[in-house]
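Residue strings, one per chain:
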Amino acid sequence: MVFAAPGEALARAEAVLGDRPSPLHASVAHQVIGIWQRDFGDMRLALTHLRRARTWAARADSAEREADVLATLGVALVHAGRTRQGMDALGRGVERGTGHTRARVLFRRAYSWWVLGHHKEALEDVRRAIPVLRQAEDVIWTARALTLRATVHLALGSVERAVADFTAAEALWDTTGQEHDKADAVESRGLAAFRAGDVPAALRLLDEAEERYAKLGTPTFMLNIRRCEVLMAAGLAAEALTEADAAIRELDGMGGQSTRKAELLLAAARAARLAGEPQTAIARAALAVRLFAGQRRTWWETHARLVLIGARHAAGHGSGRLVADAAAVAERLAALGAPAAPEASLLAGRIALELGRTADSERHLAVAARSRHGGPPLARMTGWAAQALRAQAAGSTRGVLEACRRGLDVLDDHRMTLGASELRARATAQGAELAALAQKASLVSGRPRRLLVWSERWRATALSAPPTRPPADRALLSGMTAYREIAARAEEARMDGRPVPALEREQRRLEREIRSRTLHMRGEAPDGGDRFDVGRLLARLGDETSLVELAVLDGRVQVLLCGRGRVRRFEAGPLAAAETEAEHVQAGLRRLAHPGAQARLPVVEAAGRRLEELLLGPAAAHLGDGPVVIVPPGRLHRVPWALLPSLRERVLSVSPSASSWLRAKETAPPPGGRQVLVRGPGLATGGAEVPELAGRYGGATVLEHDDATVPRVLRELDGAGLAHIAAHGAFRADGPLFSSLRMADGPLIVHDFERLDRSPYRIILSCCDTARFATVGADELLGLVTALLPLGTAGVVACSAPVNDAAVVPLMVALHEALGTGLSLAEALRDARAGLPADALHRATGWAFTAFGAA
């Protein structure tokens, strides 16, 4: 019962002990309490009760009972870090038991071997146990044994064998009432899905397992460890670190299993390393190494040493000793049959290469490169990274580019299995090294076209296809409706000056639920997509338009100027200096949004000149007189490009990538060209431009006051030719897909826009912060504008800074007047700026707005 209804089993066992039981019954009761405390509570109490259970078993003069208790005690001792005592107890249990009981003891010894990382011994014991358990028609223990064997197969990389055993075990669980074991089976299927490369299915199954555990009221430390692994593979390393650290605190608070603490520390170390926190990774990994060593868990200790060496390398350490340590870890992992062995060889080779030890580097990288031909996507990418480094060391540009291409192809196939735009964007981080190697090789080759191709290869790839949309997911739609209501109530209470902690807690809970369900979505099968073609780009640009793509290599901005049939490269300034200057400009624009800041105007204009030197350098003198398209890296997305002197009077647009601009340029407007005007609540001007625009567009749909609800707005926006939304915008750096526009019934969030079949061909957002993004993955942007571009929107006008509401009105009216003459958004925005008063307030307002895309 302890794995069917844990709480009830504990209460029943305590009741038995309170009723002067016989030695046999006392032994069973103490054993149940010991199991409960071992798995869900205090390990010290667990050992106390299990030793009492052994004593009562001896008094009952039952060898079978004593063997069973010794097995449970042995597992507890192993989890407490007392490995030798635990395995001795399990060995005595095998000797004391016979037949069916002995098979159960063998299963538990196999489990302990698995915990310790002795997979060969684990498989041998479970192989001996399964036939006996089947013959005894012991459904529960047979299912447990099959689940364990599957888990060991996964650890050794045998996914197909594991899936077969998990499937057989789950069929058996369906015939029982073992709810905890059933939850464990779902968790195990999640792990199998992850090992097979299906991240959305893994997240869905792990979330389902967590719901089952929650109903039982049992802790989920193994689930935490597994979910951390999946989150890291999905590019969510910071979340994995938070989850692992929280689980460690909970485990310490209850005096739980030492083995689980070590595993959680290893998960936290891996996550910290991926999240760019090497010192945190070093601290967690070093403690994990000590714990694993004390527990005599060589398999785990070796994996922890790999993370420790990687973290030290990331912290800037490099030495012959570190190369030797990484090589020794690689050899041990290979001997243990661990799938992580190529990763260790890659690390040894990379450090040796940095130290100039080319012979050592080649030896280690050659071993790592063998993994490029098989296994899960990330393992193959490890192999291709090793192959690219080998080619780089050999001076083969062609070899570097071929290895990088093959590796990024693997990543593309993997990304397209992910339905959520957030996961697609974050997954690109796993290809950052390959893309950077290719860019450097292209730069060295002296061929600007090649550098452009590789800059595009990994830029804004999340925008290459719309996210998967689940219109039939009622739970998701219900959650979003509830979220909107709660968020609206919280906002209303804040405006009244009332505290809203309960509403904010519920809002955060609903956000987690919505995000979780979107991450479960599986993407469409990969179709290869359109490869970027420089010739096609140049043909579209013609002789008038210039496209400026900014690439960053070794911290410096490389300017790729495309147009008039060729691509030229110029070197500008350091990226870090440009980022600092951009922040100064943003601060200046915020001050200019308020009347009386005229004196700050020369300061902001001077910062604009410095930005031009840092970002465009000598390329500024070669732009010609025609329109300019800027393609900045993600870290420069907040630059107000219209402030730069050489761009100030131009037709100027911005695009996340050249490929994205091409798609926008080739997107046809929808038939009918409906206009939709939306006015949200709470604006200082009341959205004063909307009534005037309604008079200009006679047949436009106008949504305002109680009509401007999220469902109605979405319905009208779908397939519109032009949409203008005047509403308060809120950017969420902590959750960019919850960035929002305030409607009458609550926030219209990015997730809402992703449900559109086709977003408006042109959309104008006359509100603050709508052009702000979160930079994630390799060079990806998440935010409102980037959500619209893959969904059919060819042009957006949005704002990257706080603006003065009153000053926005004449800018928007002038913008629509220019559009009425047949101009594009970029042309209309240029003319609208030129027509504004020359004071600081209106000039800053004009600079804050940007035209995105090509419509």
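Heads up: these notes are all about the structure in this document. These figures come from a predicted structure and were not determined experimentally. (Residues numbered from 1 in each chain as written. Predicted model: local features only at pLDDT ≥ 70, side-chain atom pairs only at ≥ 80, totals over all residues. Heavy atoms only, no water.)

Brief notes about the overall build of the protein
Looking only at helices and strands, the protein features 37 helices and 16 strands. Against the 2.2 N^0.38 benchmark of 29 Å for 855 residues, the protein shows a C-alpha radius of gyration of 31 Å, consistent with a compact globule. Dimensions of the protein along its principal axes, counting C-alpha atoms only, are 100 × 65 × 50 Å. In the protein, which comprises 855 residues, the share counted as buried stands at 59%. Here the contacts in the protein between residues at least 6 apart in sequence split such that 70% fall between residues at least 24 apart. By element, 50% of the accessible surface of the protein is carried by carbon and sulfur atoms, the whole surface being about 33,100 Å². The centroid of the 110 positive side-chain charges in the protein is displaced by 5 Å from the centroid of its 98 negative side-chain charges. (Helix = DSSP H or I, 4+ residues; strand = E, 2+ residues; numbered from the N terminus. Rg over C-alpha atoms; globule rule 2.2 N^0.38 Å. Buried < 20%, exposed > 50% of the residue type's maximum accessible area, 1.4 Å probe, protein only. Contact = heavy atoms within 4.5 Å. Areas by Shrake-Rupley, 256 points an atom, 1.4 Å probe, with all protein chains shown as cover. Lys, Arg positive; Asp, Glu negative; His and termini not counted. Charge placed at Lys NZ, Arg CZ, Asp CG, Glu CD.)

Observations regarding the side chain of Asp198
With respect to the element layout, Asp198 can be found in the loop between helix H10 (179–195) and helix H11 (199–216). When its relative accessible area of 18% is taken as the criterion, Asp198 is described as buried. At 3.2 Å, the side chain of Asp198 and the backbone nitrogen of Ala201 are in polar contact. Beyond its immediate sequence surroundings of up to four residues, Asp198 is in contact with Ala193 and Arg522. (Polar contact = N/O pair within 3.5 Å; in protein donor to acceptor, adjacent residues only side chain to side chain.)

Section: the sheet that holds strand E10 (residues 740–743)
Read from one edge of the open sheet, three strands run E9-E10-E11, paired in antiparallel fashion. Across the chains shown, the open sheet's two edge strands, defined by having one partner strand only, are strand E9 (729–730) and strand E11 (746–749). Where E10 meets E11, four bridges bridge the pair, whose relative direction is antiparallel. Residue Ser740 lies in a different strand from E11, and its bridge partner there is Ile749. Contacting E10 and E11, helix H25 (residues 474–495) runs over the sheet at an angle of about 130° to E11. Sheet contacts for helix H32 (residues 710–717): E10 and E11; angle to E11, the most-contacted strand, approximately 30°. (Pairing = 2+ DSSP bridges. Axes fitted to C-alpha atoms, helices over the stretch in contact; angles between N-to-C directions.)

Topic: unusual backbone geometry
Here the phi dihedral of Glu137 falls at roughly 55°; this positive angle occurs in a residue that is not glycine. By the secondary structure assignment, Glu137 is in the loop between helix H7 (119–135) and helix H8 (139–155). With a phi close to 55°, His705 is a non-glycine residue in the positive phi region. Positionally, His705 belongs in the loop between strand E7 (701–704) and H32.

Brief notes about the environment of Ser158
As for its placement among the helices and strands, Ser158 is situated in the loop between H8 and helix H9 (159–173). For Ser158, a relative accessible area of 24% gives the class partly exposed. C-alpha separation for the pair Ser158 and Gly375, spaced 217 residues apart in sequence, amounts to 9.8 Å.

Notes on the side chain of Asp125
Mapped onto the secondary structure, Asp125 falls in helix H7. A distance of 2.7 Å separates polar atoms of two side chains, one belonging to Asp125 and the other to Arg109. Discounting residues that sit within four places of it in the chain, Asp125 has contacts with Leu106, Arg109, Ala110 and Trp113.

Remarks on the packing of aromatic side chains
One pass over the full model with this rule turns up five aromatic pairs. Ring plane angle 75° and centroid distance 5.9 Å describe the contact between Trp36 and Phe40, whose orientation is recorded as edge-to-face. Here Trp36 pairs with Phe40, and both are found in helix H2 (residues 23–40), just four residues apart, close to one helical turn. Owing to a relative accessible area of 19%, Trp36 belongs among the buried residues under this scheme. Using a relative accessible area of 5% as the deciding quantity, one classes Phe40 as buried. Here the guanidinium or amino end of Arg59 rests over the ring plane of Trp56, the centre of that ring lying 4.6 Å away. For Arg372, the ring lying beneath its charged end belongs to Trp384, and the centroid distance is 5.3 Å. (Phe/Tyr/Trp six-rings, centres within 6.5 Å; stacked < 30°, edge-to-face > 60°. Lys NZ or Arg CZ within 6 Å of the ring centre and 35° of its normal.)

Focus on the pattern of salt bridges
By the definition in use, this model includes 56 salt bridges. Of the charged contacts, one joins Glu704 and Arg679 as a salt bridge, the two residues approaching to 2.3 Å between their closest N and O atoms. Pair noted here: Glu704 is in strand E7 and Arg679 is in strand E6 (residues 675–679), with a separation of 25 residues, a long-range link. Overall, the relative accessible area of 16% leaves Arg679 in the buried class. (Salt bridge = Lys/Arg side-chain N within 4 Å of Asp/Glu carboxyl O.)

Re the packing of H7 against H8
Contact geometry for H7 and H8: axes closest at 9 Å, N-to-C directions at 155°. Judged on the interaxial angle alone, H8 and H7 are roughly antiparallel. Considering how the two elements wind past one another, H7 and H8 form a crossing that is left-handed. Contacts between H7 and H8 involve His119, Ala122, Leu123, Val126, Ile130, Leu133 and Arg134 on the former and, on the latter, Trp141, Thr142, Ala145, Leu146, Leu148, Arg149, Val152, His153 and Ala155. Residues that form the contact of H7 with H8 fall into these classes: 11 nonpolar, three polar and two charged. (Parallel < 35°, antiparallel > 145°, perpendicular 65-115°, else oblique. Left-handed = near helix turned anticlockwise from the far one by under 90°. Nonpolar A, V, L, I, M, F, W, Y, C, P; charged D, E, K, R; others polar.)

Description of H9
Between its first and last C-alpha, H9 extends 21 Å over 15 residues, near the 21 Å set by a 1.5 Å rise per residue. Three or more residues of H9 are buried, namely Ala162, Asp165, Phe166, Ala169, Glu170 and Trp173. Here the buried residues of H9 occupy an arc of 135° about the axis, which is enough to place them on one side. In H9, those exposed residues whose orientation departs by more than 90 degrees from the buried face are Glu160, Arg161 and Thr167. In this structure, the buried side of H9 is in contact with H8 and H10. (Expected span 1.5 Å × (residues − 1). Arc of directions from axis to C-beta.)

A few points about the environment of Ala162
Position of Ala162 relative to the elements: it lies in helix H9. Not counting the four nearest positions on each side in its chain, Ala162 is found in contact with Ala150, His153 and Leu154.

As for helix H15 (residues 278–294)
Between the first and last C-alpha of H15 there are 24 Å, a value that for 17 residues agrees with the 24 Å anticipated at 1.5 Å per step. The set of residues buried in H15 consists of Ala281, Ile282, Ala285, Ala286, Ala288, Val289 and Phe292. All buried residues of H15 project into a common sector of 165° when viewed along the axis, lining one side. Every exposed residue of H15 that faces more than 90 degrees away from the buried side is listed here: Gln279, Arg290 and Gly294. Where the residues of H15 are buried, they touch helix H14 (258–274) and helix H16 (298–314). Positive backbone phi, approximately 60°, marks Arg296, located one or two places after H15.

Things to note about the pairing of strand E1 (residues 546–553)
Within a regular strand, the side chains alternate between the two sheet faces. Burial analysis of E1 places seven of its eight residues in the buried class, which makes it a mostly covered element. Alignment of E1 against strand E2 (residues 556–563), held across seven bridges, turns out to be antiparallel. Each residue of the ladder has a partner; that of Val552, found in E2, is Val557.

Re the pairing of strand E12 (residues 762–765)
Residues Arg762 and Ile764 point to one face of E12 and Ile763 and Leu765 to the other, with burial holding for every one of them. Taken together, the four bridges between strand E8 (residues 722–726) and E12 define a ladder with parallel strand orientation. The partner of Leu722 across the bridge, within E12, is Arg762. Note that E12 and strand E15 (residues 795–799) share three bridges and pair parallel. Considered in E15, the bridge of Ile764 is made with Val797.

Considering the packing of helix H24 (residues 448–457) against helix H27 (residues 534–541)
The geometry of H24 relative to H27 is characterised by a closest axis approach of 11 Å and an angle of 100° between their N-to-C directions. Comparing the axis directions of H24 and H27 gives the class roughly perpendicular. Of the residues in H27, those touching H24 at Arg449, Leu452 and Val453 are Val534, Leu537 and Leu538. Of the residues that constitute the contact of H24 with H27, the class distribution is five nonpolar, no polar and one charged.

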